[in-house]
Structures are given as C-alpha cells and as structure tokens.
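These are the residues of each chain, in order.
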Amino acid sequence: INDAIASSNANNVECAHFRRFYSAFWRADYIQAEASSQVLLSLPSSKRPKLISIYFYFFRGLLAFRRYRENNSEEQLRIGIEAICKLEFWFQYAPSNFENKLFLLNAEQYASL
C-alpha cells in the first residue's frame, strides 16, 4: 500500500486496498476486512461504479451480517441491508448476474434476524 501511495496513482491505491480487503476476508480476519472496507469507501475513487464494486458490496454485505450475528451491532445490520439494496438495483439491469448474490445476501440477512 505504501508503494501505491508513493506512486500517487489513485487506481493503484484503490487496488491495494481491495487486495487487503479480500485477503483479510478470506483469512477470516473480519475486523481487518471491515477496517479495509471503511478505507475503501473513504477514497474519492470509490464513488465511481466499476466491476470490482459488485464483489466488494457482495462481500461487504456477507461480512456485515456475520459481524452483526457476532455482536448485534445495528450499524452492521445497516451495512448489510445497504449491500442488499445495491444488489437489488443492479439486479434490475442484469438479473442473471446478480440473482445468486442477492439470494445469498437475503439468506444471510434472514439468518441474522
């Protein structure tokens, strides 16, 4: 990440943070994944839609519902529902691409309540 920041290239910085988020998620380091997702959302480039955003919101929603089940944080529930809303929006335009992800997030939400 330091190399990406030193290069002053916004795409490199964003990619480095995406890698940190996904690697923390798959290592089951959910606290680090949550922290990385907050950093990603704070970047100005996060406001532009891109393909990787689909997976980011999907995994962020999974993470939020898991964290909600662990500590009953209403903030985590809100983040999970926000992820569902994003996928519902995208589902309108490409149902075959988003249906399975939306089903999984809905199942996680129901398992959390």
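The preceding data block contains the structure.
Quick look at the structure, then.

What counts as what
Residues numbered from 1 in each chain as written. Predicted model: local features only at pLDDT ≥ 70, side-chain atom pairs only at ≥ 80, totals over all residues. Heavy atoms only, no water. Axes fitted to C-alpha atoms, helices over the stretch in contact; angles between N-to-C directions. Helix = DSSP H or I, 4+ residues; strand = E, 2+ residues; numbered from the N terminus. Parallel < 35°, antiparallel > 145°, perpendicular 65-115°, else oblique. Left-handed = near helix turned anticlockwise from the far one by under 90°. Contact = heavy atoms within 4.5 Å. Nonpolar A, V, L, I, M, F, W, Y, C, P; charged D, E, K, R; others polar. Expected span 1.5 Å × (residues − 1). Buried < 20%, exposed > 50% of the residue type's maximum accessible area, 1.4 Å probe, protein only. Phe/Tyr/Trp six-rings, centres within 6.5 Å; stacked < 30°, edge-to-face > 60°.

Observations regarding the packing of helix α4 (residues 51-71) against helix α5 (residues 74-91)
Interaxial distance between α4 and α5 falls to 8 Å at its minimum, and their mutual angle equals 150°. Accordingly, the angle class assigned to the pair α4 and α5 is roughly antiparallel. In this structure, α4 crosses over α5, and the sense of that crossing is left-handed. Counting all contacts with α4, which are made through S53, I54, Y57, F58, R60, G61, A64, F65, R67, Y68 and N71, the residues of α5 involved are E74, Q76, L77, I79, G80, I81, E82, A83, I84, K86, L87 and W90. Counted by class, the contact of α4 with α5 contains 13 nonpolar, five polar and five charged residues.

Considering unusual backbone geometry
The backbone of A28 shows a phi angle near 65°, a positive value even though the residue is not glycine. In this structure, A28 sits in the loop between α2 (10-26) and α3 (30-42).

Points about α2
Between its first and last C-alpha atoms α2 spans 24 Å; for 17 residues at 1.5 Å apiece the expected length is 24 Å, and the two agree. By the burial criterion, the buried members of α2 are V13, E14, A16, H17, F18, F21, Y22, A24 and F25. Of the residues flanking the end of α2, it is A28, one or two places downstream, whose phi is positive at about 65°.

What to know about the packing of aromatic side chains
One pass over the full model with this rule turns up 14 aromatic pairs. Where F18 meets F56, the ring centres are 5.7 Å apart and the plane angle is 80°; that geometry is what we call edge-to-face. Here the residue F18 occupies a position in helix α2, and F56 occupies one in helix α4, the gap between them amounting to 38 residues. With respect to class, F18 is no different from F56; both count as buried. Ring geometry for Y57 versus W90: centroids 6.1 Å apart, planes at 65°, classification edge-to-face.

Side note on helix α6 (residues 95-112)
For α6, with 18 residues, the first-to-last C-alpha span of 25 Å sits near the 26 Å given by 1.5 Å per residue. For α6, the complete set of buried residues consists of F98, K101, L102, L105, N106, Q109 and S112. Against the buried residues of α6 lie α4 and α5.

Some points on the side chain of S36
If you trace the backbone, S36 turns up in helix α3. A residue is classified by how much of its surface remains accessible, and S36, at 1% relative accessible area, is buried. Contacts of S36, omitting those with residues within four sequence positions, involve H17, R20 and F21.

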